[in-house]
Amino acid sequence: RTVYVNGDYLPETEAKVSIFDRAFLMADGVYEVTSVLGGKLIDFEGHAKRLQRSLDELDMPSPCTMDELLEIHRELVKINEIDEGMVYLQVTRGAPDDRDFVFPDPELVKPTLVLFTQNKPGLADNPVAKKGIKVISIEDVRWGRRDIKTVQLLYPSMGKMMAKKAGADDAWMVEDGFVTEGTSNNAYFIKGNKIVTRALSNDILHGITRAAVLRFAKESQMEVEERNFTIEEAQQADEAFITSASTFVMPVVEIDGVSLGGGVPGPRAARLREIYLEESRKVAV
Ligand code: PLP
């Protein structure tokens, strides 16, 4: 696989980043994952805008313009012949001469930009979407700026392992009694004609897929309520689902051992998945 590091397209075995890189030492980096369907990028503009916001919130310099980023994404998709899969992008505050808590002078230390592709044939036609996934709930002990997409993913990764050990697929995180989000996705339930999901704030990542799915839901006459909800309320719902760039809309059929909709994906989540795939393919770049 060919990867991109700071201006160069290289075989992955030749790509190198300094051990003093601030992301390696301090998780001082941000990332984006953009899916690829039919060789085209889904929701690229949304991901590019959120990247800029993450950089701004952390006072991290941009490594290049958003147009250049699009070109790099496209070039890697082409070189690696990705039809369905993902492009992972990471920007870090770069590698100063030594480890130091103080941010380096942006004039002296340039950001590190790394991109690689992940080939995932069958991403859209994912058989898991026909079965649905099981989630457990865990306490949300992450930091207070979850709206910034940093590479600080240790706790979400631990959450995924807790889910696996419990025989589930993922975990929904709960803070002060209310669901924040999944380990790497936004969380929703459907009751009647209404979709409920937590409102945007610093407590959750502002999902790019979330924005699109809520827009499509409203356009197809579903009601959308952005508010706090508990695990118990979601367990009593008709359907539940998650969204993310790599899973699109994925039905949830079990929450903490309680089955929803007889343990099979319901019609509304399945329909939202179809609409999302259909509409986002139309505007893919
Ligand atoms: N929430 C968290 C914590 C995430 O890590 C992600 C994606 O990685 C999402 C939500 C979904 O965001 P998006 O739809 O932009 O992929």
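For every chain, the first residue of the written sequence is number 1, and numbering continues from 1 along that sequence. Two thresholds apply to this predicted model, a pLDDT of at least 70 for residue-level local features and 80 or more for giving and counting side-chain atom pairs, whereas whole-chain, interface and lining totals are computed over all residues.

Per an unreviewed UniProt entry, the chain carries the name Probable branched-chain-amino-acid aminotransferase and comes from Sagittula marina. UniProt positions are given in the numbering used here, feature names are shortened, and annotations may be inferred rather than shown by experiment. Comment text from UniProt for the chain, heading Sequence similarities (unreviewed entry), reads "Belongs to the class-IV pyridoxal-phosphate-dependent aminotransferase family." We quote the UniProt Function (unreviewed entry) comment for the chain here in full: "Acts on leucine, isoleucine and valine."

Chemist: Teacher, can you tell me more about helix α8 (residues 267-282) here?
Modeler: Structurally, the α-helix is built with 3.6 residues per turn, so residues lying three or four positions apart point the same way. Per the convention used, a helix needs a DSSP run of H or I reaching at least four residues, while a strand needs a run of E reaching at least two, with both numbered from the N terminus. Here the expected length of a helix is defined as 1.5 Å per residue gap, with one fewer gap than residues. Its 16 residues place the ends of α8 23 Å apart at the C-alpha level, agreeing with the 22 Å of an ideal helix rising 1.5 Å per residue. The complete set of buried residues in α8 reads R268, A269, L272, R273, Y276 and S280. Buried residues in α8, looked at end-on, bunch into an arc of 140°, giving them a common side. Residues P267, E278 and K282 are exposed on α8 and point more than 90 degrees away from its buried face. In this description, any two residues whose backbone-derived C-beta atoms lie within 7 Å of each other are considered to be in contact. Check the buried side of α8 and you find it contacts α4 (128-131), β10 (186-191), α6 (208-219), β13 (239-244) and β14 (248-255). With C-beta atoms placed from the backbone, a residue counts as buried when 20 or more other C-beta atoms lie within 10 Å of its own, as exposed when 12 or fewer do, and as partly exposed for counts between those limits. In this context, the arc is that of the directions from the helix axis out to the C-beta atoms.

Chemist: Before we go on, may I ask you to explain the site of the ligand in this structure?
Modeler: The local shell around the ligand holds 13 residues, among which L205, G207, I208, T209 and A245 are the closest. Every element with two or more residues in the shell around the ligand is listed here: α6 and β13. At three residues, α6 tops the list of elements feeding residues into the shell around the ligand. The nonpolar class holds Ala, Val, Leu, Ile, Met, Phe, Trp, Tyr, Cys and Pro. Asp, Glu, Lys and Arg form the charged class, and all remaining residues, Gly among them, are polar. In the shell around the ligand, the residues fall into four nonpolar, seven polar and two charged. In this analysis, residues qualify as near a molecule or strand once their C-beta atom, positioned from backbone atoms, comes within 6 Å of it.

Chemist: I'm lost on the confidence of the model for the chain in this one. Help?
Modeler: Low pLDDT marks stretches whose predicted atomic positions should not be read closely. Note on scores: pLDDT gives the predictor's confidence for each residue, bounded by 0 and 100. Counting all residues, the mean pLDDT for the chain is 98, and 100% of those residues have values of 70 or more. Among the scores for the predicted complex, ipTM is 0.99 and pTM is 0.97.

Chemist: Please clarify how the domain arrangement of the chain should be interpreted in this entry.
Modeler: Interfaces are often described in size by the accessible area the parts lose on coming together. Segmentation of the chain into domains returns domain 1 (2-119) and domain 2 (128-282). Throughout, the edges of the domains are those of an automatic or database domain assignment. On a C-alpha basis, the centroid separation for the pair domain 1 and domain 2 is 26 Å. The partner domain 2 presents 13 residues to the 21 residues of domain 1 that form the contact. Put simply, the parts of the chain that give the side of domain 1 that touches domain 2 at least two residues each are β3 (29-37), α2 (44-57) and β5 (85-92). If one sorts the elements of the side of domain 1 that touches domain 2 by residue count, β3 sits on top with eight residues. Split by residue class, the side of domain 1 that touches domain 2 holds nine nonpolar, eight polar and four charged.

Chemist: Just checking my understanding: could you explain the pairing of strand β1 (residues 2-5) for this structure?
Modeler: Residues in a regular strand project their side chains so that they alternate between the two faces of the sheet. Across four bridges, the pairing between β1 and strand β2 (residues 8-11) is antiparallel. Its bridge partner lying in β2, V5 is registered against D8. Strands qualify as paired when DSSP identifies two bridges or more between them. Between β1 and β2, which follow one another and run antiparallel, lie two residues, and N6 among them has a positive phi close to 40°. In this structure, β1 lies alongside strand β6 (residues 112-119), joined through two bridges in antiparallel fashion. Of the residues in β6, the one forming a bridge with Y4 is L115.

Chemist: Any chance you could explain the packing of α2 against helix α3 (residues 66-79) here in plain terms?
Modeler: Axis definition: a line fitted to C-alpha atoms, over the contacting stretch in the case of helices. Angles run 0 to 180 degrees between N-to-C directions. As a packed pair, α2 and α3 sit with axes 11 Å apart at the nearest point and diverge in direction by 130°. Comparing their axes, α3 and α2 come out oblique. Viewed along their axes, α2 and α3 form a crossing whose handedness is right-handed. Of α3, the residues touching α2 (which contributes F44, A48 and Q52) are M66, L69, L70 and H73. For the contact of α2 with α3, the residue count by class is five nonpolar, two polar and no charged. An angle counts as roughly parallel when it lies under 35 degrees, as roughly antiparallel when it exceeds 145, as roughly perpendicular when it falls between 65 and 115, and as oblique in every other case. Should the near helix be turned anticlockwise from the far one by less than a right angle, the crossing is left-handed, and should it be turned clockwise, the crossing is right-handed.

Chemist: So what exactly am I meant to see when it comes to the nonpolar core here?
Modeler: Side chains of nonpolar character tend, in soluble globular proteins, to be buried together. The term nonpolar core refers to a set of buried Ala, Val, Leu, Ile, Met, Phe, Trp, Tyr and Cys residues connected through C-beta atoms within 7 Å. Counting residues in each nonpolar core, the largest one holds 37 residues, and the members touching the most others are V135, Y188, A240, F241, V249 and V252. Those elements that place two or more of their residues in this core are β7 (133-139), β8 (170-175), β10, β11 (194-197), α6, β13, β14 and α8. In terms of residue count, the dominant contributor to this core is β14 (six residues). In this structure, A240 is in contact with Y188, F189, A234, V252, I255 and L260, ignoring residues within four places of it in sequence. Counting residues in each nonpolar core, the second largest holds 21 residues, with Y4, L51, V87 and L113 among its members.

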